[in-house]
Amino acid sequence: MFTHDHAVYVRQMHDWHMKMAQYHDQLRAFHLERAKQFQKLAEERAKTSTAPLKGEPTWSDVMSWQHSESKSGTVM
């Protein structure tokens, strides 16, 4: 809402900025918590599966495929 009263405008802007700061803090905390959960899941997966599953390509397989594609010019 537009107003010509400077004091009201300043108060509204202050309130808005405080709400935005609170929102960003909550959003940051949420994403940090999700990152921690994901890291725990990744650590658990690394502990339980030391070798890739049968038929699952390894990282070196993928990199060698990309390297051979770039030389031949074909795309899978």
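This text follows the structure it describes.
Residues numbered from 1 in each chain as written. Predicted model: local features only at pLDDT ≥ 70, side-chain atom pairs only at ≥ 80, totals over all residues. Heavy atoms only, no water.

So what's going on with the overall build of the protein? Residues and values would help.
Along its length, the protein carries 2 helices and 0 strands. Within the protein, the proportion of its 76 residues that are buried is 0%. If you sum the accessible surface of the protein, you get close to 7500 Å²; carbon and sulfur atoms cover 61% of it. (Helix = DSSP H or I, 4+ residues; strand = E, 2+ residues; numbered from the N terminus. Buried < 20%, exposed > 50% of the residue type's maximum accessible area, 1.4 Å probe, protein only. Areas by Shrake-Rupley, 256 points an atom, 1.4 Å probe, with all protein chains shown as cover.)

Could you give an account of a nonpolar patch on the surface, with specific residues and numbers?
On the surface, a cluster of nonpolar side chains totalling about 740 Å² of accessible area is made up of Y9, V10, M13, W16, M20, Y23, L27 and F30. Along the chain, F30 falls in helix 1 (residues 6–48). (Patch = residues over 30% accessible without salt bridge, like charges linked within 9 Å, V, L, I, M, F, W, Y side chains within 5 Å. Salt bridge = Lys/Arg side-chain N within 4 Å of Asp/Glu carboxyl O.)

Describe helix 1, listing the residues and the values that go with them.
With 43 residues, helix 1 ought to run about 63 Å at 1.5 Å a step, and its terminal C-alpha atoms sit 63 Å apart, in line with that. At the N-terminal boundary of helix 1, the capping side chain belongs to D5, with an oxygen 3.3 Å from the backbone nitrogen of A7. (Expected span 1.5 Å × (residues − 1). Polar contact = N/O pair within 3.5 Å; in protein donor to acceptor, adjacent residues only side chain to side chain.)

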